[in-house]
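# Residue-level structure breakdown
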Amino acid sequence: MLKATSLASVSDSWRIDRFVVGAAFFGLVLLGGLIWLETAPFMLALFAVGTVLGVALYHGAFGFTAGWRNLVIKRRGGGMRAQLLLFGLTAVLMVPILGGNQDGLIGAVAPVGTSLVVGSFLFGIGMQLGGGCGSGTLFTVGAGNLRMAVTLLFFIIGAVLGSLHLPWWLDQPGIDPVSLIDALGIPGAIGIQLVALAGLWVWVDRRERRAHGLIERSELRLKGSEHGVLRTLVSGRWPFAWAILALALGNVLTLLIGGSPWGITFAFNLWGAKALQAVGVDMSQFEFWTWDYPAMALADSVLVNITSVMNFGLLLGAMLAAGLANRFNEASRKRPEGRPFLAAVIGGLLLGYGARLGFGCNIGALFSGIGSASLHAWIWFASAFLGSLIGIRLRPWFRLAN
């Protein structure tokens, strides 16, 4: 009897949500076909990269927001250590490509000034109230989280508002972009960033050891599983090491195929602006949308916009992963109401507005910024973390668990 129960339990664990998997496949085939017909093959390749990144984010549960919160509240540093490893590996892979660039590749390098500091600080607050960063919001929406769908909607609204105000913010005090590759060369840019990341690692370890007496490091490796590596790859919780490798290689591929590193939030600006344009708003009256790249993106189809195409892939990849794991909509089966709903609205607005002022989110500004050896990424990191501390303190009032 015990054996039969055990077999039934194992059998249940292999179930998939066929409707969700079918819908995800249908979306991937349909969008992939449209991209193939309307654009060049390289865009289809980026769509595939985005899909794999969505799978990796979902299975690795690789959200920046929870990692920061766990370090502050629970004094557990596994999520933050995984992020530091991700940044270091990506810098080692990406800096030599950008430093020896002969093909016009462009790194994620941005100005340092008032706009960056204010934007990233607001983003840090928003990520704790909204429940995710740019990538975290997308992959949880793809996995069926209703509350995060509210966050995404207001993320888009906030991003459009930020684009209207960005020219004013850029007129405030600041300095031009600083590339550590130009200043220190390839070895220097890698070395100084690895030293900084190692220093943060030591601080995280010390904080955890003081609170708990020991450091948990099992998050990086595959824990014992009756289903084995293949089953874990398809529907289980990935060790952080797998997610780190997938995300780092995905960013490098994005750079090599698309010409610039991975970004998330410009697409939100674009989607919101196109929606306004569709109802008769003349976006050319706003300075941001007269600049070369935004104006070109607004005039073109979203299927020729790299960030949009990768975001579509990420959403569908996360949906596919959740369906294969039979956990679609597991995180939020009811509509958000009351204070949690208000937190999603406020958090989304702060995320969007902050991302536009801060030149991106945890992906475009921080992850890709450190991979590009840009000084602005480190300022973004510090300012967003300070904002996140405030967001964490505000969460209980909004009835959000810490």
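Residues numbered from 1 in each chain as written. Predicted model: local features only at pLDDT ≥ 70, side-chain atom pairs only at ≥ 80, totals over all residues. Heavy atoms only, no water.

## Let's talk about the environment of Ala-91
Relative to the helices and strands, Ala-91 resides in helix H5 (residues 78-99). Exposure remark for Ala-91: the relative accessible area of 1% places this residue in the buried category. Those residues in contact with Ala-91 that lie beyond four places of it in its chain are Pro-96, Ile-190, Gln-193, Ile-370 and Gly-371. (Helix = DSSP H or I, 4+ residues; strand = E, 2+ residues; numbered from the N terminus. Buried < 20%, exposed > 50% of the residue type's maximum accessible area, 1.4 Å probe, protein only. Contact = heavy atoms within 4.5 Å.)

## Structural notes on the nonpolar core
Counting 80 residues, the largest nonpolar core has Phe-62, Trp-68, Phe-87, Phe-123, Trp-262 and Phe-268 as its most contacted members. Ranked by the residues each element gives to this core, the list is headed by helix H14 (residues 306-324), at 11 residues. Core analysis: the second largest hydrophobic core is formed by 12 residues, Ala-91, Met-94, Ile-190 and Val-252 among them. (Core = buried A, V, L, I, M, F, W, Y, C linked by side-chain atoms within 4.5 Å.)

## A few points about the state of the cysteines
Inspection of every chain in the model, using the stated rule, returns zero disulfides. Sulfur of Cys-133: no disulfide; nearest cysteine sulfur belongs to Cys-361 and is 6.2 Å away. On the accessibility criterion, Cys-361 (1% relative accessible area) is buried. (Disulfide = S-S within 2.5 Å.)

## Considerations on the packing of helix H16 (residues 362-371) against helix H17 (residues 375-394)
At a minimum axis separation of 8 Å, H16 and H17 run at an interaxial angle of 130 degrees. On the basis of their axis angle, the class for H16 and H17 is oblique. In this structure, H16 crosses over H17, and the sense of that crossing is left-handed. Side by side, H16 and H17 meet where Asn-362, Ala-365, Leu-366, Gly-369 and Ile-370 of the first sit next to His-376, Ala-377, Trp-378, Trp-380 and Phe-381 of the second. In terms of residue class, the contact of H16 with H17 is built from seven nonpolar, three polar and no charged. (Axes fitted to C-alpha atoms, helices over the stretch in contact; angles between N-to-C directions. Parallel < 35°, antiparallel > 145°, perpendicular 65-115°, else oblique. Left-handed = near helix turned anticlockwise from the far one by under 90°. Nonpolar A, V, L, I, M, F, W, Y, C, P; charged D, E, K, R; others polar.)

Take it as geometry only, folks, not as evidence of what the structure does.
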